[in-house]
Amino acid sequence: MRLDKYLKVSRLIKRRTVANEACDLGKVSVNGKAARASYEVRPGDKIAIHFGERTLTVEVLSVAENAGKSESPLLYREIAE
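Residues numbered from 1 in each chain as written. Predicted model: local features only at pLDDT ≥ 70, side-chain atom pairs only at ≥ 80, totals over all residues. Heavy atoms only, no water.

Next up on the list: helix 2 (residues 16-24). Those residues of helix 2 that sit buried are Ala19, Ala22 and Cys23. End-on, the buried residues of helix 2 take up no more than an arc of 100°, which puts them together on one face. Looking at helix 2, the residues exposed on the side facing more than 90 degrees away from the buried face are Thr17, Glu21 and Asp24. At its buried positions, helix 2 is contacted by helix 1 (3-9) and strand 1 (28-30). Immediately downstream of helix 2, the backbone of Gly26 shows phi near 80°, a positive value. (Buried < 20%, exposed > 50% of the residue type's maximum accessible area, 1.4 Å probe, protein only. Helix = DSSP H or I, 4+ residues; strand = E, 2+ residues; numbered from the N terminus. Arc of directions from axis to C-beta. Contact = heavy atoms within 4.5 Å.)

Residues other than glycine seldom take positive phi values, yet Arg11 does so here, at roughly 65°. Its place among the elements puts Arg11 in the loop between helix 1 and helix 2. Under the relative-accessibility criterion, Arg11 is labelled partly exposed at 47%. Positioned with a positive phi, Asn31 is a non-glycine residue whose angle comes to about 55°. Inspection of the secondary structure assignment puts Asn31 in the loop between strand 1 and strand 2 (33-34). The exposure class assigned to Asn31 is partly exposed, which follows from its relative accessible area of 42%.

Structure (structure tokens):
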């Protein structure tokens, strides 16, 4: 699944267009490298999202095309830095 779509389905970012813009601006990195919106997300990937001063780092546990509000937190695990 594309990175921008994963960020939206997992509800880490509200809208896919916002996720796409964040990738274009270099605010999203996967496994320590800046990632494009078209990057194919796989379980085990570590995604870092930079929100101003704060950075959220998560590990991808699973990839699902659709996830409800209660299921979306099961797609990733937050990593403390």
